[in-house]
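A closer look at the structure
One-letter residues, chain by chain:
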Amino acid sequence: MEKNAKIYVAGHRGLVGSAIMKKLQKKGYTNIITRTHKELDLTDQKATREFFEKEKPEYVFLAAAKVGGILANDTYKADFIYQNIMIAANVIEASYRYGVKKLLNLGSSCIYPKYAKQPMKEEYLLTGELEPTNEPYAIAKISAIKMVRYFNEQYGTNFMSVMPTNLYGPNDNFNLETSHVLPALIRKFYLGKQLEEENYEKIKENIKKYPLGFGLDKTIDLDNKESIIKTLKQLGITKESITLWGTGEVYREFLYVEDMADACVYLMEKIEAEEMKKISPDYFVNIGTGKDITIKELAELIKETVGYTGEIIHDTTKPDGTPRKLLDVSKLHELGWKYNVELSKGVRKVLETL
Ligand SMILES: NC(=O)C1=CN([C@@H]2O[C@H](COP(=O)(O)OP(=O)(O)OC[C@H]3O[C@@H](n4cnc5c(N)ncnc54)[C@H](OP(=O)(O)O)[C@@H]3O)[C@@H](O)[C@H]2O)C=CC1
Ligand SMILES: C[C@H]1O[C@H](OP(=O)(O)OP(=O)(O)OC[C@H]2O[C@@H](n3cnc4c(=O)[nH]c(N)nc43)[C@H](O)[C@@H]2O)[C@@H](O)[C@@H](O)C1=O
């Protein structure tokens, strides 16, 4: 990729998109184009084609998607399947139609079967039933992977996909209704700690910065201590305890988003679709650390890091999701890339941004 190549980062304000932007700017790329969701709704085929026709990007990072944690995926199933299929279909087809040189499509580790053998190799795709809580999202992600493959096969495009594990980092989604587990737990323990120390000003600041979700932002009175305590209690956050969803017995793997951005730029710079085809006939590679922990262990790590002294409670009325989804990252290592930021360090870096 030439330093003045025209690069389009779709989803540039999101967790991954913003990290890719920072990485590209740091590496001296000077010609990056972006559009906010408001400026360009990628579920709109006409608008997407008009954008590509006008701007003619040479390289595309497809990091725009409707994304959320287990509760959001389980609640808004139609939105997750429709919006993600449309975004992928429109961007991949327009990239072919307007001659994009190379496209990197972001999938997800939840494309693999619920009970896949661990660690999961790229070839395990579509070898078993999916995890119901995020089946819509997974189907949309699998469709995008297959679109990349079949555009390459039929039209000779140079497109490829990556399958990241659970990602976290600065600029994450901290809305306690729609977020993933890691940002949710960092925020829950952080707010619990402020309650222990009666730092109501810090709590007020945090709630002004990030929505709580569940409609609570409309009902909380930030100038009333009782209202703050009552509202946080509804979210399972008190001085005495923090409530987690599910049994806490399931395993998850976590990759710091700056590592993810580094891997995406590395692959875009160094790998062509034909090389990716040697890894998988569907032109994709897993991206992760190759290490996982239980949600219980994750909660203990975050509790320690934050310095919260209360108890941990498990609300087993909430879903666990898939029992484990550890990625086999041996192919990624063969391509010459390895993760850098350990979980304990990444958690501390996120805590600093709260
Ligand atoms: N976070 C994670 O743990 C993982 C993420 N991924 C994948 O990485 C990619 C990026 O995810 P992540 O950064 O976490 O998600 P975010 O939600 O942080 O960012 C997604 C971005 O896409 C934009 N967007 C959503 N819908 C549209 C639309 N219709 N038109 C234009 N823009 C839109 C959002 O804008 P706005 O907010 O304004 O709507 C947002 O800026 C996704 O493909 C996701 O599936 C894969 C595995 C794990
Ligand atoms: C990233 C990837 O993977 C996502 O699936 P997931 O990993 O199951 O999502 P999750 O991070 O929300 O949950 C992980 C585990 O953690 C538990 N858990 C405890 N306490 C909280 C909690 O407070 N919030 C959340 N969200 N989970 C909690 C929760 O019950 C579950 O057992 C897809 O949605 C999809 O987005 C996808 O592509």
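Residues numbered from 1 in each chain as written. Chains lettered and ligands numbered in written order. Predicted model: local features only at pLDDT ≥ 70, side-chain atom pairs only at ≥ 80, totals over all residues. Heavy atoms only, no water.

An unreviewed UniProt entry lists the chain under the name GDP-L-fucose synthase, with Marinitoga piezophila given as the organism. Quoted verbatim from the Pathway (unreviewed entry) field of the UniProt record, the comment on the chain reads "Nucleotide-sugar biosynthesis; GDP-L-fucose biosynthesis via de novo pathway; GDP-L-fucose from GDP-alpha-D-mannose: step 2/2." UniProt, in its Catalytic activity (unreviewed entry) section for the chain, records the words "GDP-beta-L-fucose + NADP(+) = GDP-4-dehydro-alpha-D-rhamnose + NADPH + H(+)". (UniProt positions renumbered as here; feature names shortened; annotations may be inferred.)

Concerning the pattern of salt bridges
Applying the stated criterion across every chain, the model contains 25 salt bridges. Measuring nitrogen to oxygen at the nearest pair gives 2.7 Å for the salt bridge that ties E131 to K114. Of this pair, E131 sits in the loop between β4 (102-106) and α5 (135-155) while K114 sits in the loop between β4 and α5, placing them 17 residues apart in sequence. A salt bridge links K296 to E249; the nearest nitrogen and oxygen atoms lie 3.6 Å apart. Here K296, found in helix α12 (residues 295-306), pairs with E249, found in the loop between β7 (241-245) and β8 (251-252); they are 47 residues apart in sequence, far enough to count as distant. Relative accessible area serves as the criterion here: at 31%, K296 is assigned to the partly exposed category. We classify E249 as partly exposed; its relative accessible area is 46%. When salt bridges with common partners are traced through the structure, they connect K6, R35, K54 and E55 into a single cluster. (Salt bridge = Lys/Arg side-chain N within 4 Å of Asp/Glu carboxyl O. Helix = DSSP H or I, 4+ residues; strand = E, 2+ residues; numbered from the N terminus. Buried < 20%, exposed > 50% of the residue type's maximum accessible area, 1.4 Å probe, protein only.)

Quick word on the site of ligand 1
Taken together, 25 residues lie near ligand 1, and L15, V16, H37, Y137 and K141 sit nearest. In this structure, an oxygen atom belonging to ligand 1 sits 2.7 Å away from a side-chain N or O atom of H37. In the model, an oxygen atom of ligand 1 is placed 3.3 Å from a nitrogen or oxygen of the A65 main chain. Notes on ligand 1: free accessible area 880 Å², of which the protein chains cover 83%. Only α1 (15-26), α5 and β6 (166-168) provide two or more residues apiece to the shell around ligand 1. (Near = heavy atom within 4 Å. Polar contact = N/O pair within 3.5 Å; in protein donor to acceptor, adjacent residues only side chain to side chain. Areas by Shrake-Rupley, 256 points an atom, 1.4 Å probe, with all protein chains shown as cover.)

Considering the site of ligand 2
By nearness alone, 23 residues border ligand 2, and G68, S108, H180, D320 and K325 come closest of all. Contact distances for ligand 2 include 2.8 Å between an oxygen atom and a backbone N or O atom of I70. In the environment of ligand 2, an oxygen atom lies 3.3 Å from a nitrogen or oxygen atom belonging to the side chain of Y137. Starting from 690 Å² of accessible surface for ligand 2 in isolation, the protein chains cover 98%. Secondary-structure elements contributing two or more residues to the shell around ligand 2 are α3 (70-75), α6 (181-196) and β7. Top element by residues in the shell around ligand 2 is α6. It accounts for four residues.

A closer look at the UniProt feature "site: Important for catalytic activity" (unreviewed entry) in the chain
The UniProt record marks S108 and C110 with the feature "site: Important for catalytic activity" (unreviewed entry), using the residue numbering of this structure. Turning to its location among the elements, S108 is positioned in the loop between β4 and α5. The class of S108 is buried, set by a relative accessible area of 10%. Excluding residues that lie within four positions of it along the chain, S108 makes contacts with Y137, K141, V162, M163 and P164. In this structure, C110 sits in the loop between β4 and α5. In contact with C110, other than residues within four places in its own chain, are L130, N134, Y137, A138 and K325. (Contact = heavy atoms within 4.5 Å.)

A closer look at the side chain of Q194
Along the chain, Q194 falls in helix α6. Overall, Q194 belongs to the buried group, its relative accessible area being 4%. Within the local environment of Q194, its side chain forms a polar contact with the side chain of N199, the two groups lying 2.8 Å apart. If we ignore the near neighbours within four places in the chain, the residues touching Q194 are N199, K202 and I203.

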